[in-house]
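Structural overview
This is what each chain is made of:
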Amino acid sequence: MKKRTFMHTAAALALASALPVAHAQSTPIKFQLDWRFEGPAALFLQPVAKGYFKAAGLDVTVDAGNGSGGAVQRVASGTYDMGFADLAAVMEFHANNPDAQNKPVAVMMVYNNTPASVMALKKSGITKPADLAGKKLGAPVFDAGRRAFPIFQKANGIGAVTWTAMDPPLRETMLVRGDVDAITGFTFTSLLNLEARGAKAADVVVLPYADFGVKLYGNVIIASPKLIKENPAAIKAFLSAFTKGAKEVIANPAAAIEHVKARDGIVNVPLETRRLQLAIDTVINSPDARAEGFGKAVPGRLSLMASQVSDAFNTKTRVNADDVWNPSFLPSTAELNILPKK
(Lines give C-alpha, C1' and ligand atoms only; values in the text may rest on other atoms or scores of the structure.)
Protein backbone atom coordinates (compact mmCIF):
# COMPACT_ATOMS: atom_id res chain seq x y z
CA MET A 1 0.00 0.00 0.00
CA LYS A 2 2.85 2.35 0.92
CA LYS A 3 4.62 1.54 -2.34
CA ARG A 4 1.47 2.33 -4.31
CA THR A 5 0.95 5.62 -2.40
CA PHE A 6 4.56 6.58 -3.07
CA MET A 7 4.12 5.90 -6.79
CA HIS A 8 0.96 8.00 -6.90
CA THR A 9 2.70 10.84 -5.05
CA ALA A 10 5.69 10.68 -7.38
CA ALA A 11 3.42 10.74 -10.44
CA ALA A 12 1.51 13.70 -9.07
CA LEU A 13 4.73 15.59 -8.38
CA ALA A 14 5.99 14.84 -11.88
CA LEU A 15 2.74 16.09 -13.40
CA ALA A 16 2.72 19.21 -11.25
CA SER A 17 6.31 20.05 -12.18
CA ALA A 18 5.53 19.59 -15.88
CA LEU A 19 2.46 21.85 -15.93
CA PRO A 20 4.18 25.22 -15.38
CA VAL A 21 6.72 24.38 -18.09
CA ALA A 22 4.00 23.54 -20.62
CA HIS A 23 2.14 26.70 -19.70
CA ALA A 24 5.25 28.86 -20.07
CA GLN A 25 5.84 27.52 -23.57
CA SER A 26 2.38 28.53 -24.79
CA THR A 27 2.63 32.13 -25.99
CA PRO A 28 -0.70 33.88 -26.61
CA ILE A 29 -0.91 35.65 -30.00
CA LYS A 30 -3.93 37.79 -30.86
CA PHE A 31 -4.23 37.95 -34.65
CA GLN A 32 -6.35 40.47 -36.59
CA LEU A 33 -7.58 39.61 -40.09
CA ASP A 34 -8.07 42.30 -42.72
CA TRP A 35 -11.65 41.27 -43.47
CA ARG A 36 -14.50 38.94 -42.62
CA PHE A 37 -14.33 35.17 -42.42
CA GLU A 38 -14.30 34.58 -46.17
CA GLY A 39 -12.35 32.12 -48.32
CA PRO A 40 -8.84 33.61 -47.87
CA ALA A 41 -9.22 33.48 -44.07
CA ALA A 42 -8.67 29.72 -44.44
CA LEU A 43 -4.95 30.47 -44.69
CA PHE A 44 -4.97 31.37 -41.00
CA LEU A 45 -7.79 29.15 -39.74
CA GLN A 46 -6.18 25.98 -41.16
CA PRO A 47 -3.08 26.06 -38.91
CA VAL A 48 -5.32 26.85 -35.94
CA ALA A 49 -7.67 23.94 -36.64
CA LYS A 50 -4.85 21.53 -37.42
CA GLY A 51 -2.98 22.42 -34.24
CA TYR A 52 0.14 23.69 -36.03
CA PHE A 53 0.29 26.87 -33.98
CA LYS A 54 -0.29 24.91 -30.78
CA ALA A 55 2.48 22.47 -31.66
CA ALA A 56 4.77 25.48 -32.17
CA GLY A 57 4.06 26.66 -28.62
CA LEU A 58 1.56 29.35 -29.58
CA ASP A 59 -2.00 30.01 -28.44
CA VAL A 60 -3.33 31.88 -31.49
CA THR A 61 -6.75 33.52 -31.66
CA VAL A 62 -7.88 34.82 -35.08
CA ASP A 63 -10.48 37.58 -35.25
CA ALA A 64 -12.39 38.93 -38.27
CA GLY A 65 -11.58 42.47 -39.41
CA ASN A 66 -13.12 45.40 -41.27
CA GLY A 67 -10.29 46.57 -43.53
CA SER A 68 -6.51 46.75 -43.70
CA GLY A 69 -6.42 50.19 -42.10
CA GLY A 70 -8.20 48.82 -39.06
CA ALA A 71 -5.82 45.86 -38.80
CA VAL A 72 -2.81 48.18 -38.87
CA GLN A 73 -4.35 50.47 -36.23
CA ARG A 74 -5.18 47.59 -33.88
CA VAL A 75 -1.68 46.15 -34.03
CA ALA A 76 -0.26 49.67 -33.57
CA SER A 77 -2.45 50.22 -30.51
CA GLY A 78 -1.26 46.99 -28.91
CA THR A 79 -4.74 45.45 -28.96
CA TYR A 80 -3.39 42.78 -31.33
CA ASP A 81 0.08 41.25 -31.56
CA MET A 82 0.00 40.40 -35.25
CA GLY A 83 -2.30 40.88 -38.22
CA PHE A 84 -2.96 40.68 -41.95
CA ALA A 85 -3.05 43.90 -43.98
CA ASP A 86 -2.38 45.50 -47.32
CA LEU A 87 1.27 46.60 -47.45
CA ALA A 88 0.25 50.01 -48.81
CA ALA A 89 -1.79 50.58 -45.63
CA VAL A 90 1.25 49.68 -43.52
CA MET A 91 3.42 52.09 -45.53
CA GLU A 92 0.85 54.86 -45.21
CA PHE A 93 0.68 54.45 -41.43
CA HIS A 94 4.46 54.67 -41.13
CA ALA A 95 4.71 57.76 -43.31
CA ASN A 96 1.79 59.58 -41.67
CA ASN A 97 2.78 58.69 -38.09
CA PRO A 98 6.56 59.15 -38.04
CA ASP A 99 6.63 59.65 -34.25
CA ALA A 100 4.42 56.67 -33.37
CA GLN A 101 6.16 54.31 -30.98
CA ASN A 102 4.55 51.07 -32.14
CA LYS A 103 4.51 51.07 -35.96
CA PRO A 104 3.61 47.56 -37.26
CA VAL A 105 6.21 45.87 -39.45
CA ALA A 106 5.62 43.47 -42.36
CA VAL A 107 7.30 40.12 -41.71
CA MET A 108 5.94 37.91 -44.53
CA MET A 109 4.51 38.48 -48.00
CA VAL A 110 1.28 36.53 -48.67
CA TYR A 111 -0.36 38.33 -51.61
CA ASN A 112 2.63 38.92 -53.90
CA ASN A 113 0.45 41.08 -56.14
CA THR A 114 -2.21 43.56 -55.12
CA PRO A 115 -5.67 42.03 -55.65
CA ALA A 116 -6.93 45.47 -56.69
CA SER A 117 -8.54 45.88 -60.08
CA VAL A 118 -11.00 48.05 -61.96
CA MET A 119 -14.20 46.22 -62.90
CA ALA A 120 -16.88 47.30 -65.38
CA LEU A 121 -19.71 45.69 -67.30
CA LYS A 122 -19.08 45.03 -71.00
CA LYS A 123 -22.14 47.07 -71.96
CA SER A 124 -20.30 50.18 -70.69
CA GLY A 125 -17.87 49.93 -73.61
CA ILE A 126 -14.90 49.87 -71.25
CA THR A 127 -12.36 47.30 -72.45
CA LYS A 128 -8.99 48.87 -71.51
CA PRO A 129 -7.64 51.37 -68.96
CA ALA A 130 -7.72 54.33 -71.38
CA ASP A 131 -11.49 53.90 -71.71
CA LEU A 132 -11.91 55.00 -68.09
CA ALA A 133 -11.18 58.65 -68.92
CA GLY A 134 -14.22 60.81 -68.21
CA LYS A 135 -16.08 57.95 -66.53
CA LYS A 136 -17.70 57.76 -63.10
CA LEU A 137 -15.91 55.32 -60.78
CA GLY A 138 -17.22 54.06 -57.46
CA ALA A 139 -15.61 52.62 -54.33
CA PRO A 140 -15.54 53.19 -50.56
CA VAL A 141 -13.09 55.99 -49.72
CA PHE A 142 -10.76 53.57 -47.89
CA ASP A 143 -10.73 50.95 -50.67
CA ALA A 144 -7.16 49.88 -51.51
CA GLY A 145 -7.86 50.03 -55.25
CA ARG A 146 -9.28 53.53 -55.01
CA ARG A 147 -6.36 54.75 -52.87
CA ALA A 148 -3.86 53.33 -55.36
CA PHE A 149 -5.79 54.41 -58.47
CA PRO A 150 -3.49 57.41 -59.13
CA ILE A 151 -0.63 54.90 -59.63
CA PHE A 152 -2.76 52.87 -62.08
CA GLN A 153 -3.91 56.10 -63.73
CA LYS A 154 -0.36 57.38 -64.24
CA ALA A 155 0.97 54.03 -65.47
CA ASN A 156 -1.72 53.86 -68.15
CA GLY A 157 -2.08 57.51 -69.12
CA ILE A 158 -5.73 57.67 -68.06
CA GLY A 159 -7.47 61.05 -68.22
CA ALA A 160 -9.53 62.54 -65.39
CA VAL A 161 -12.27 60.46 -63.75
CA THR A 162 -14.94 61.33 -61.19
CA TRP A 163 -15.47 59.34 -58.00
CA THR A 164 -18.60 58.30 -56.12
CA ALA A 165 -18.19 57.04 -52.55
CA MET A 166 -20.39 54.37 -50.99
CA ASP A 167 -20.42 51.80 -48.21
CA PRO A 168 -18.82 48.45 -49.20
CA PRO A 169 -22.14 46.49 -49.48
CA LEU A 170 -23.42 48.96 -52.10
CA ARG A 171 -20.39 48.97 -54.41
CA GLU A 172 -21.34 46.10 -56.73
CA THR A 173 -25.06 46.93 -56.53
CA MET A 174 -24.39 50.44 -57.85
CA LEU A 175 -22.38 49.06 -60.77
CA VAL A 176 -25.12 46.60 -61.72
CA ARG A 177 -27.74 49.38 -61.47
CA GLY A 178 -25.65 51.66 -63.68
CA ASP A 179 -25.12 54.33 -61.01
CA VAL A 180 -21.38 54.16 -61.77
CA ASP A 181 -19.45 53.10 -64.88
CA ALA A 182 -16.79 51.08 -63.06
CA ILE A 183 -15.63 50.15 -59.57
CA THR A 184 -12.34 49.38 -57.87
CA GLY A 185 -11.96 46.50 -55.45
CA PHE A 186 -10.22 43.22 -54.78
CA THR A 187 -10.93 40.99 -57.78
CA PHE A 188 -11.79 37.92 -55.71
CA THR A 189 -14.24 39.97 -53.65
CA SER A 190 -16.04 42.17 -56.19
CA LEU A 191 -16.21 39.69 -59.08
CA LEU A 192 -18.07 37.15 -56.98
CA ASN A 193 -20.22 39.86 -55.40
CA LEU A 194 -21.23 41.01 -58.89
CA GLU A 195 -22.29 37.48 -59.76
CA ALA A 196 -24.33 37.33 -56.56
CA ARG A 197 -26.14 40.46 -57.76
CA GLY A 198 -27.08 38.95 -61.09
CA ALA A 199 -24.13 39.80 -63.35
CA LYS A 200 -22.58 37.01 -65.38
CA ALA A 201 -18.81 36.57 -65.14
CA ALA A 202 -18.61 36.70 -68.94
CA ASP A 203 -20.18 40.17 -68.88
CA VAL A 204 -17.65 41.63 -66.45
CA VAL A 205 -14.48 43.36 -67.67
CA VAL A 206 -11.64 42.99 -65.14
CA LEU A 207 -8.55 45.21 -65.38
CA PRO A 208 -6.14 43.91 -62.70
CA TYR A 209 -3.59 46.48 -61.57
CA ALA A 210 -0.86 43.81 -61.71
CA ASP A 211 -1.54 43.20 -65.43
CA PHE A 212 -1.36 46.88 -66.32
CA GLY A 213 1.99 48.08 -65.08
CA VAL A 214 1.27 48.38 -61.36
CA LYS A 215 3.47 45.91 -59.48
CA LEU A 216 2.31 46.79 -55.99
CA TYR A 217 2.63 44.10 -53.37
CA GLY A 218 -0.60 43.06 -51.66
CA ASN A 219 -1.29 41.71 -48.18
CA VAL A 220 1.39 40.91 -45.65
CA ILE A 221 1.56 39.44 -42.17
CA ILE A 222 2.44 42.22 -39.74
CA ALA A 223 3.85 42.15 -36.22
CA SER A 224 4.13 44.76 -33.50
CA PRO A 225 7.62 46.11 -32.65
CA LYS A 226 6.90 45.08 -29.05
CA LEU A 227 6.55 41.43 -30.08
CA ILE A 228 9.58 41.68 -32.37
CA LYS A 229 11.66 42.99 -29.47
CA GLU A 230 10.32 40.81 -26.67
CA ASN A 231 9.62 37.50 -28.41
CA PRO A 232 11.15 37.16 -31.89
CA ALA A 233 11.03 33.37 -31.52
CA ALA A 234 7.22 33.53 -31.40
CA ILE A 235 7.12 35.32 -34.76
CA LYS A 236 9.40 32.70 -36.31
CA ALA A 237 7.23 29.94 -34.89
CA PHE A 238 4.07 31.63 -36.17
CA LEU A 239 5.39 32.04 -39.72
CA SER A 240 6.63 28.45 -39.84
CA ALA A 241 3.28 27.03 -38.67
CA PHE A 242 1.40 29.39 -41.01
CA THR A 243 3.49 28.26 -43.98
CA LYS A 244 2.77 24.62 -43.22
CA GLY A 245 -0.96 25.35 -43.16
CA ALA A 246 -0.84 27.56 -46.27
CA LYS A 247 0.75 24.75 -48.27
CA GLU A 248 -2.24 22.52 -47.45
CA VAL A 249 -4.74 25.28 -48.25
CA ILE A 250 -3.18 25.88 -51.67
CA ALA A 251 -3.20 22.15 -52.39
CA ASN A 252 -6.80 21.59 -51.29
CA PRO A 253 -8.88 24.79 -50.98
CA ALA A 254 -12.20 22.93 -50.77
CA ALA A 255 -11.17 21.08 -47.60
CA ALA A 256 -9.77 24.26 -46.03
CA ILE A 257 -13.07 26.12 -46.44
CA GLU A 258 -14.58 23.85 -43.79
CA HIS A 259 -12.52 25.73 -41.21
CA VAL A 260 -14.05 29.02 -42.41
CA LYS A 261 -17.50 27.43 -42.17
CA ALA A 262 -16.69 26.41 -38.60
CA ARG A 263 -16.06 30.06 -37.67
CA ASP A 264 -19.03 31.50 -39.57
CA GLY A 265 -21.87 29.03 -40.08
CA ILE A 266 -23.73 31.12 -42.67
CA VAL A 267 -20.92 31.31 -45.26
CA ASN A 268 -21.72 30.00 -48.75
CA VAL A 269 -19.24 27.13 -49.05
CA PRO A 270 -19.17 26.86 -52.89
CA LEU A 271 -18.84 30.65 -53.22
CA GLU A 272 -16.05 30.92 -50.64
CA THR A 273 -14.22 27.97 -52.20
CA ARG A 274 -14.25 29.84 -55.52
CA ARG A 275 -13.11 33.04 -53.77
CA LEU A 276 -10.20 31.23 -52.16
CA GLN A 277 -9.20 29.55 -55.43
CA LEU A 278 -9.36 32.92 -57.21
CA ALA A 279 -7.12 34.47 -54.55
CA ILE A 280 -4.63 31.61 -54.89
CA ASP A 281 -4.55 31.85 -58.69
CA THR A 282 -4.28 35.64 -58.93
CA VAL A 283 -2.19 36.87 -56.01
CA ILE A 284 -0.69 33.95 -54.05
CA ASN A 285 0.53 31.55 -56.75
CA SER A 286 1.05 34.29 -59.35
CA PRO A 287 3.98 34.37 -61.81
CA ASP A 288 5.61 37.11 -59.69
CA ALA A 289 5.24 35.02 -56.53
CA ARG A 290 6.81 31.98 -58.18
CA ALA A 291 9.67 34.11 -59.48
CA GLU A 292 10.38 35.80 -56.15
CA GLY A 293 9.48 32.96 -53.79
CA PHE A 294 6.51 32.65 -51.45
CA GLY A 295 6.79 34.94 -48.43
CA LYS A 296 9.56 37.10 -49.86
CA ALA A 297 9.89 40.58 -51.38
CA VAL A 298 12.43 42.04 -53.80
CA PRO A 299 14.17 45.20 -52.50
CA GLY A 300 13.94 47.11 -55.81
CA ARG A 301 10.22 46.46 -56.21
CA LEU A 302 9.64 47.30 -52.54
CA SER A 303 11.44 50.64 -52.91
CA LEU A 304 9.45 51.51 -56.03
CA MET A 305 6.20 50.75 -54.20
CA ALA A 306 7.31 52.93 -51.27
CA SER A 307 7.87 55.83 -53.65
CA GLN A 308 4.57 55.28 -55.47
CA VAL A 309 2.59 55.08 -52.22
CA SER A 310 4.25 58.25 -50.94
CA ASP A 311 3.12 60.09 -54.07
CA ALA A 312 -0.34 58.58 -54.54
CA PHE A 313 -1.34 58.79 -50.86
CA ASN A 314 0.31 62.22 -50.39
CA THR A 315 1.87 61.09 -47.10
CA LYS A 316 3.33 63.48 -44.49
CA THR A 317 6.79 61.95 -44.89
CA ARG A 318 8.29 59.69 -47.56
CA VAL A 319 7.90 55.93 -47.00
CA ASN A 320 11.14 54.19 -46.06
CA ALA A 321 10.92 50.62 -47.37
CA ASP A 322 13.51 49.39 -44.84
CA ASP A 323 11.30 50.52 -41.95
CA VAL A 324 8.21 48.60 -43.06
CA TRP A 325 9.74 45.26 -44.10
CA ASN A 326 11.69 42.80 -41.93
CA PRO A 327 12.26 39.38 -43.56
CA SER A 328 14.53 38.03 -40.80
CA PHE A 329 11.77 35.84 -39.28
CA LEU A 330 10.96 33.97 -42.49
CA PRO A 331 11.23 30.16 -42.59
CA SER A 332 13.95 28.56 -44.68
CA THR A 333 13.78 28.65 -48.47
CA ALA A 334 12.99 24.92 -48.42
CA GLU A 335 10.04 25.49 -46.05
CA LEU A 336 8.78 28.37 -48.20
CA ASN A 337 8.79 26.23 -51.34
CA ILE A 338 5.02 25.64 -51.20
CA LEU A 339 3.77 26.96 -54.54
CA PRO A 340 2.83 24.31 -57.09
CA LYS A 341 4.40 24.77 -60.50
CA LYS A 342 1.98 26.00 -63.15
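Calculation criteria
- Residues numbered from 1 in each chain as written.
- Predicted model: local features only at pLDDT ≥ 70, side-chain atom pairs only at ≥ 80, totals over all residues.
- Heavy atoms only, no water.
- UniProt positions renumbered as here; feature names shortened; annotations may be inferred.
- Buried < 20%, exposed > 50% of the residue type's maximum accessible area, 1.4 Å probe, protein only.
- Helix = DSSP H or I, 4+ residues; strand = E, 2+ residues; numbered from the N terminus.
- Axes fitted to C-alpha atoms, helices over the stretch in contact; angles between N-to-C directions.
- Parallel < 35°, antiparallel > 145°, perpendicular 65-115°, else oblique.
- Left-handed = near helix turned anticlockwise from the far one by under 90°.
- Contact = heavy atoms within 4.5 Å.
- Pairing = 2+ DSSP bridges.
- Core = buried A, V, L, I, M, F, W, Y, C linked by side-chain atoms within 4.5 Å.
- Domains from an automatic or database assignment.
- Buried area = accessible area lost by both parts, 1.4 Å probe.
- Salt bridge = Lys/Arg side-chain N within 4 Å of Asp/Glu carboxyl O.
- Polar contact = N/O pair within 3.5 Å; in protein donor to acceptor, adjacent residues only side chain to side chain.
- Nonpolar A, V, L, I, M, F, W, Y, C, P; charged D, E, K, R; others polar.
- Phe/Tyr/Trp six-rings, centres within 6.5 Å; stacked < 30°, edge-to-face > 60°.
- Lys NZ or Arg CZ within 6 Å of the ring centre and 35° of its normal.

Under the annotation held in an unreviewed UniProt entry, the protein chain carries the name Thiamine pyrimidine synthase and is attributed to Acidovorax temperans. For the protein chain, the Pathway (unreviewed entry) comment in UniProt is given as "Cofactor biosynthesis; thiamine diphosphate biosynthesis."

**Digging into helix H2 (residues 42-49)**
The buried fraction of H2 is high, at 6 of 8 residues. Taken residue by residue, H2 has Ala42, Leu43, Phe44, Leu45, Gln46 and Pro47 as its buried positions. Remark: Gly51 follows H2 within two positions and exhibits a positive phi of approximately 80°.

**Considerations on the packing of helix H12 (residues 253-263) against helix H13 (residues 269-284)**
In a pair of packed helices, the angle between the axes and the distance between the axes together describe the arrangement. The N-to-C vectors of H12 and H13 enclose an angle of 120°; their axes lie 9 Å apart at closest approach. Classified by the angle between their axes, H12 and H13 sit oblique to one another. Classified by chirality, the crossing of H13 by H12 is right-handed. Contacts between H12 and H13 involve Pro253, Ala254, Ala256, Ile257, Glu258 and Lys261 from the former and Val269, Glu272, Thr273, Leu276, Gln277 and Ile280 from the latter.

**Brief notes about the environment of Glu92**
Looking at where Glu92 falls in the secondary structure, it is placed in helix H5 (residues 87-96). Judged by its relative accessible area of 17%, Glu92 is buried. The residues touching Glu92, leaving out its near neighbours within four places in the chain, are Arg147, Val309, Phe313 and Thr315.

**Section: the sheet that holds strand E6 (residues 136-138)**
Through backbone hydrogen bonds, the strands of a sheet pair up, either in parallel or in antiparallel fashion. The 5 strands lie next to each other as E7-E6-E8-E5-E9, forming an open sheet whose pairing is mixed. Two strands in the sheet have a free side with no partner beyond their single neighbour: strand E7 (162-164) and strand E9 (204-208). Ignoring strand direction, the axes of neighbouring strands in this sheet form an average angle of 30°. Bridge count between strand E5 (residues 116-121) and strand E8 (residues 182-186): 5 bridges; the pairing is antiparallel. Note on E8: the bridge partner recorded for Ala120 is Ala182. Sitting on the sheet, helix H9 (residues 187-196) is in contact with E5, E8 and E9, with an inclination near 125° to E8.

**What to know about the nonpolar core**
Grouped together as the largest cluster of nonpolar side chains are 54 residues, with contacts concentrated most on Phe31, Phe44, Ile221, Phe238 and Phe242. Mapping this core onto the domain boundaries places at least three of its residues in each of domain 1 (27-113 + 217-323) and domain 2 (116-211). Other than its neighbours up to four places away in sequence, Phe242 contacts Leu43, Phe44, Pro47, Phe53, Met108, Val110, Ile221 and Phe294. Of all hydrophobic cores here, the second largest spans 46 residues; its members include Ala88, Leu132, Ile151 and Met305.

**Re the environment of Ala41**
Among the structural elements, Ala41 can be located in the loop between strand E1 (27-32) and H2. Separated by 296 residues in sequence, Ala41 and Asn337 have C-alpha atoms that sit 21 Å apart. Residue contacts for Ala41: discarding those within four places in its chain leaves Leu33, Arg36 and Val260.

**Considering the domain arrangement of the protein chain**
Each domain of the protein chain was delimited in the assignment, giving domain 1 (27-113 + 217-323) and domain 2 (116-211). One C-alpha centre belongs to domain 1, the other to domain 2; they are set 24 Å apart. With 19 residues of domain 1 in contact, the opposing surface of domain 2 contributes 15 residues. Contact between domain 1 and domain 2 buries roughly 1400 Å² in total, counting both sides, with carbon and sulfur atoms accounting for 67%. At the junction of domain 1 with domain 2, the criterion picks out 2 salt bridges. Two residues, Arg147 and Glu92, come together in a salt bridge whose shortest N-O distance is 2.6 Å. Our count for the contact surface shared by domain 1 and domain 2 stands at 4 residue pairs in polar contact (both at pLDDT 80 or more). Elements with a contribution of two residues or more to the side of domain 1 that touches domain 2: H13 and helix H15 (299-312). When its residues are assigned to classes, the side of domain 1 that touches domain 2 shows 10 nonpolar, 4 polar and 5 charged.

**Details of the side chain of Glu172**
Following the sequence through the fold, Glu172 ends up in helix H8 (residues 171-177). Note on Glu172: relative accessible area 1%, which makes it buried. Filtering out sequence-adjacent residues up to four positions away, Glu172 remains in contact with Ile183, Ser190, Asn193, Leu194 and Arg197.

**Points about the packing of aromatic side chains**
In the structure shown here, the tally under the stated rule is 12 aromatic pairs. Relative to Trp163, the ring of Phe149 has its centre 5.3 Å away and its plane inclined at 85°; by these criteria the two rings are edge-to-face. A residue pair is termed long-range when its members are at least 10 positions apart, and Phe149 in helix H7 (residues 149-155) and Trp163 in strand E7 qualify at 14 residues. Relative accessible area serves as the criterion here: at 26%, Trp163 is assigned to the partly exposed category. Clustering of aromatic rings is evident, with ring pairs tying together Phe31, Phe44, Phe53, Phe84, Tyr111, Phe186, Phe188, Phe238 and Phe242. The positively charged end of Arg147 is found above the aromatic ring belonging to Phe313, 4.4 Å away from the centroid.

**What about the UniProt feature "domain: SsuA/THI5-like" (unreviewed entry) in the protein chain?**
Mapped onto the present numbering, the UniProt feature "domain: SsuA/THI5-like" (unreviewed entry) falls on residues 49-256. Secondary structure within residues 49-256 divides into 40% helix and 21% strand; the distance between the first and last C-alpha atoms comes to 10 Å.

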